[in-house]
Amino acid sequence: MESCSVSGDSEGKVLVWSIENTLSSVFGLDSSYKSFFSRRSKAKLKRNLYSEALSDAEKAIELSPSSYRGYEAKYAVLHGIQRYDDAIEVFKIMLSKLDNASDPCIRQLHQQYVSPSEVENAICRTIHAQLENALLRLLNISTGRLCDREAQISAFMESTEYRQLFHSSMIHAPLQMEPITDATAKYFSWVMLSHRWERKEPLLHSIEDKVVYDLDPVGTMVKLQKFCELAHDAGYRWAWSDTCCIDQNNNAEVQRSVNSMFIWYRNSALTIIYLSDVSPSSKSIVLSNSAWNTRGWTVQEFLAPRIVVFYQADWTLYLNDRTPNHKESVTIMKELEDSTGIDARSLIAFHPGMTGAQKKLQWASSRVTTFQEDIAYSLFGIFGIHLPVIYGETKQNALGRVLQEIIAQSGDITALDWVGKSSSFNSCLPADIISYKPPPCTLPSLTEDQIETSVLSLRDDAVVKLALTLYVRLDSLTAPHFANRRLQLPCMTFPVTAVKLWCNQARNRCLTYEIKADRLQRITIATTERLVQFSRAKFTRQSYLLVRPWNRHDLELPDLADETESIDETESVDETESIDDRSEPSDDLHSDSSQDNGLDSESSEEALRLLVCLGQPFGALLLAQQRGGEYMRIASDNSIIAQVKDMTAVHDMMDIRTLEIL
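What you see is a predicted model; the values in this text were computed from it and never measured.

How each quantity is defined
Residues numbered from 1 in each chain as written. Predicted model: local features only at pLDDT ≥ 70, side-chain atom pairs only at ≥ 80, totals over all residues. Heavy atoms only, no water. Helix = DSSP H or I, 4+ residues; strand = E, 2+ residues; numbered from the N terminus. Buried < 20%, exposed > 50% of the residue type's maximum accessible area, 1.4 Å probe, protein only. Contact = heavy atoms within 4.5 Å. Areas by Shrake-Rupley, 256 points an atom, 1.4 Å probe, with all protein chains shown as cover. pLDDT = per-residue confidence, 0-100. Axes fitted to C-alpha atoms, helices over the stretch in contact; angles between N-to-C directions. Parallel < 35°, antiparallel > 145°, perpendicular 65-115°, else oblique. Left-handed = near helix turned anticlockwise from the far one by under 90°. Nonpolar A, V, L, I, M, F, W, Y, C, P; charged D, E, K, R; others polar. Polar contact = N/O pair within 3.5 Å; in protein donor to acceptor, adjacent residues only side chain to side chain. Pairing = 2+ DSSP bridges. Phe/Tyr/Trp six-rings, centres within 6.5 Å; stacked < 30°, edge-to-face > 60°. Salt bridge = Lys/Arg side-chain N within 4 Å of Asp/Glu carboxyl O. Expected span 1.5 Å × (residues − 1). Arc of directions from axis to C-beta. Core = buried A, V, L, I, M, F, W, Y, C linked by side-chain atoms within 4.5 Å.

A. Highlighting the overall build of the chain. In terms of regular secondary structure, the chain is built from 26 helices and 17 strands. In the chain, which comprises 662 residues, the share counted as buried stands at 49%. Taking the contacts inside the chain whose residues are at least 6 apart along the sequence as the reference set, 66% of them involve residues at least 24 apart. With the model as given, the accessible surface of the chain reaches about 32800 Å², and the carbon-plus-sulfur share is 49%.

B. Inspection of the confidence of the model for the chain at higher detail. Summary statistics for the chain give a mean pLDDT of 86 and a share of 87% for residues scoring 70 or more. In this model residues 22-30 is a low-confidence stretch, pLDDT under 50, and it forms ten contacts with partners more than four residues away in sequence or in other chains. In this model, residues 558-599 is a region of pLDDT below 50 whose contacts with residues beyond four sequence positions or in other chains number 65 contacts.

C. Highlighting the packing of helix α7 (residues 116-130) against helix α8 (residues 149-157). Remark: α7 packs on α8, axes separated minimally by 12 Å, with the N-to-C direction vectors making an angle of 140°. With respect to α8, the element α7 is oriented oblique. Classified by chirality, the crossing of α8 by α7 is right-handed. The residues of α8 that touch α7, namely those facing I123, C124, I127 and H128, are I153, F156 and M157. The residue inventory of the contact of α7 with α8, partitioned by class, reads six nonpolar, one polar and no charged.

D. Local environment of the side chain of S410. Note on placement: S410 falls in helix α20 (residues 395-410). You can call S410 buried: its relative accessible area is 2%. Reaching out from S410, the side chain makes a polar contact with the backbone oxygen of I406 at a distance of 2.6 Å. Among the polar contacts made by the side chain of S410, one reaches the main-chain amide nitrogen of D412 at a distance of 3.0 Å.

E. Broad picture of the environment of L429. Inspection of the secondary structure puts L429 in the loop between α20 and α21 (448-457). When the C-alpha atoms of L429 and R633 are compared, they prove to be 8.8 Å apart, with 204 residues separating the residues in sequence. Apart from residues no more than four positions distant in its own chain, L429 is found in contact with G400, L403, Q404, I407, L416, W418, K421, S422, S423 and F482.

F. Structural context of the pairing of strand β11 (residues 510-517). Extensive coverage of β11 is indicated by the burial of seven of its eight residues. Sheet topology note: the β11/strand β12 (residues 523-527) ladder contains five bridges and is antiparallel. Residue pairing across strands places I515 opposite I523, the latter belonging to β12.

G. Inspection of the environment of E630 at higher detail. Looking at where E630 falls in the secondary structure, it is placed in the loop between β14 (618-625) and β15 (631-633). For E630 and L487, which are 143 residues apart along the polypeptide, the C-alpha to C-alpha distance reads 10.0 Å. If we ignore the near neighbours within four places in the chain, the residues touching E630 are R486, A624, Q625, E660 and L662. A distance of 3.5 Å separates the side chain of E630 from the backbone nitrogen of G628, its partner in a polar contact.

H. Structural view of the packing of aromatic side chains. Here the structure, examined in full by the defined rule, presents 23 aromatic pairs. Centre to centre, the rings of Y75 and F91 are 5.0 Å apart; their planes meet at 55°, and the pair counts as tilted. Pair noted here: Y75 is in helix α4 (residues 69-80) and F91 is in helix α5 (residues 84-100), with a separation of 16 residues, a long-range link. One exposure class covers both Y75 and F91, and it is buried. Considering the side-chain rings of F156 and Y162, the 5.4 Å spacing of their centres and the 75° angle between planes classify their relative orientation as edge-to-face. By relative accessible area, which is 1% here, F156 ends up buried. One aromatic cluster is present, built from ring pairs that chain together F156, Y162, F166, Y187, F188 and W238.

I. Here's a closer look at the environment of K645. Mapped onto the elements of the fold, K645 is located in the loop between β16 (640-642) and β17 (656-661). Taking the C-alpha atoms as reference, K645 lies 5.6 Å from Q521; in sequence the two are 124 residues apart.

J. Structural view of the pattern of salt bridges. Within this structure, the stated rule accounts for 24 salt bridges. Here R40 makes a salt bridge to D56, at a shortest N to O gap of 2.7 Å. Pair noted here: R40 is in helix α2 (residues 33-46) and D56 is in helix α3 (residues 50-63), with a separation of 16 residues, a long-range link. On the accessibility criterion, D56 (2% relative accessible area) is buried. Residue R459 is joined to E605 by a salt bridge in which the shortest nitrogen-to-oxygen separation is 2.7 Å. With R459 in the loop between α21 and α22 (461-475) and E605 in helix α26 (residues 601-614), this residue pair connects regions lying 146 residues apart in the sequence. Classification of R459 by relative accessible area gives partly exposed; the value is 45%. Because the salt bridges share partners, they merge into one network encompassing R40, K44, E52 and D56.

K. Looking closely at α7. In a regular helix each residue adds 1.5 Å, so 15 residues correspond to 21 Å; α7 covers 21 Å between its end C-alpha atoms and thus fits that length. Taken residue by residue, α7 has P116, V119, A122, I123, T126 and I127 as its buried positions. An end-on view of α7 places all buried positions within 135° of arc, on one side of the element. Facing away from the buried surface of α7 by more than 90 degrees, the exposed residues are R125 and H128.

L. Summary view of the nonpolar core. Residues W240, F302 and F310 are the most contacted members of the largest nonpolar core, which totals 136 residues. The leading source of residues in this core is α5, at seven residues. In this view, F310 contacts I273, L275, L287, W292, F302, T316, L317, Y318, H326, I332 and L336; residues no more than four positions away in its chain are not counted. In this structure, L458, V496, L546 and A624 belong to the second largest nonpolar core, which totals 47 residues.

M. Representation of unusual backbone geometry in the model. Of the consecutive residues A173 and P174, the connecting peptide bond is found in the cis state with omega at 0°. For P174, the location among the structural elements is in the loop between α9 (160-170) and α10 (177-187).

N. Quick look at the packing of α7 against α10. With their axes 10 Å apart at the nearest point, α7 and α10 run at an angle of 45° to one another. If you check the angle between α7 and α10, you find them oblique. For the crossing formed where α7 meets α10, the hand is right-handed. Facing α7, whose interface residues are A122, I123, T126, I127 and Q130, α10 presents M177, I180, T181, T184 and A185. Its residues assigned to classes, the contact of α7 with α10 comprises six nonpolar, four polar and no charged.

O. Just the sheet that holds strand β4 (residues 145-148), in detail. Taken in spatial order, the six strands of this open sheet run β4-β3-β6-β5-β7-β8, and their pairing is mixed. Strands with a single pairing partner mark the edges of an open sheet, and in this sheet they are β4 and β8 (308-311). Adjacent strand axes in the sheet meet at a mean angle of 30° when their direction is disregarded. For strand β5 (residues 190-194) and strand β7 (residues 270-274), the ladder comprises four bridges, and the chain directions are parallel. Bridge pairing in β7 links L193 to I272.

The following block contains the structure:
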């Protein structure tokens, strides 16, 4: 009903006045009366007189329903009292009033605002982008309930944060995406748990459709509850534990989780590391002996996150170190560096990738996992690779697939630097990651002065010309790669001319052989494999090669592992070329390739520096030729170190082939 007032005239007649009539008489013909209540509503809103402000806004709408002003005032009040849904509806009406106004100046006011539909679409797009690489399900640590992706989004849509973001985004055109991105990133940030699995951990079915805080606080349930409480106290809404947030019976989910684990930890706002076997009274270096520090998965769980905090068995801070990020704790980082062999720089700011493959494999070499395949799967994130997860395959197969991918993508042959037993996957790969545990053999290196001196001694036209030819041939070699488990390995080859049993250590079944090869100094190797003994005077059908796997670092060229694009295997070997063709060295030692480069001083310098490098001791592989012309690696219990007899005899290094190794 319309508001009105009653009065009488001089003759006693009753007169009924509407509010509009009353204000019209007060303000005369001036139309400012139509905005009186909207202005007063805004004034009362500033004094937090919400009820009166709302009443005035509604009166303004009643007086002038076609004007946007009353709706503008009402929207402001509803937003102030956090009646967000009602405010949205009023805001929509206000925009329609602006669009339908007869005054073009008023219609232009719409440009100051963003439509609700545009804001809604922008927020939805941002949420989906934010969650694209996020976890599949998380614990809502406010409610204690497990939420899948849709439940997480629904929780946000119903939150005060969403409504505040929605309204602040509408009232300032053009639409500002940065506040939307920041708000969604903050809301959906999560805390990860890194720990050692214990017996009877709460699994998905243990907490699904239940409130974690209501479950009996016994056994490992206490760990989950304490973790959630810590995450909540730190100001976060979501938490994740690998015990209960992955459906272990869903192969597709396990597959995705294993391949995404590193990025999940990397994108976490905080990772809490729980040391269940470290007592509150423990002193420094106890972390080194914790079971957590022996597990395969915990390598990436520490390297990936940007912020980590260690907690002891009673959920107090390790060493009472109150540094907000324990990666900034000098004491804790020094302890980890000493116990893991991982350099401090990698511990603090690790970057996944192929660079330094052998070093990264050594980090994992002493780690253990419950399932044998996991020692390989736990390396996915460290190297930035994605492969099928096949639980039930052998450890050798799982590790072989990982090493194959590393070599295929990077061309890094340091993964071939190991001692121990060969893998059934490929003889050039180890059967167990423990084979990377012994530190790689450190070969003597020359100083720059020594290199320059050696280069000067080699400045002979004939030597330079051959060195240039050798440089061009090595530079044209393709990277090593795999095809059907067969390794195509470019290398310099040296035929073995004699094998003699030198020592038989029956206790460990290790045999030591003396090996002679063309153009190489005499060497010895220790192996559990029995070799066919022969010499130049004693013929044998068995053929052996000592080879130097080709390393592009020797050319002082950029590391292939740093390239943004992986090597295209289809370009590595001409499919029409037979194995025999690839295995045979070129007879044209004096090709004109050197002439294409010219004998300029810079090219000569590079070629001679390469020659000096090739004259130094190198890590060799011993290969046994098979009936089909392929080769297999003879595994050894020590690094095979070989050296050419004369680095000036460039002809002796020209036997360059790409061998196929089974």
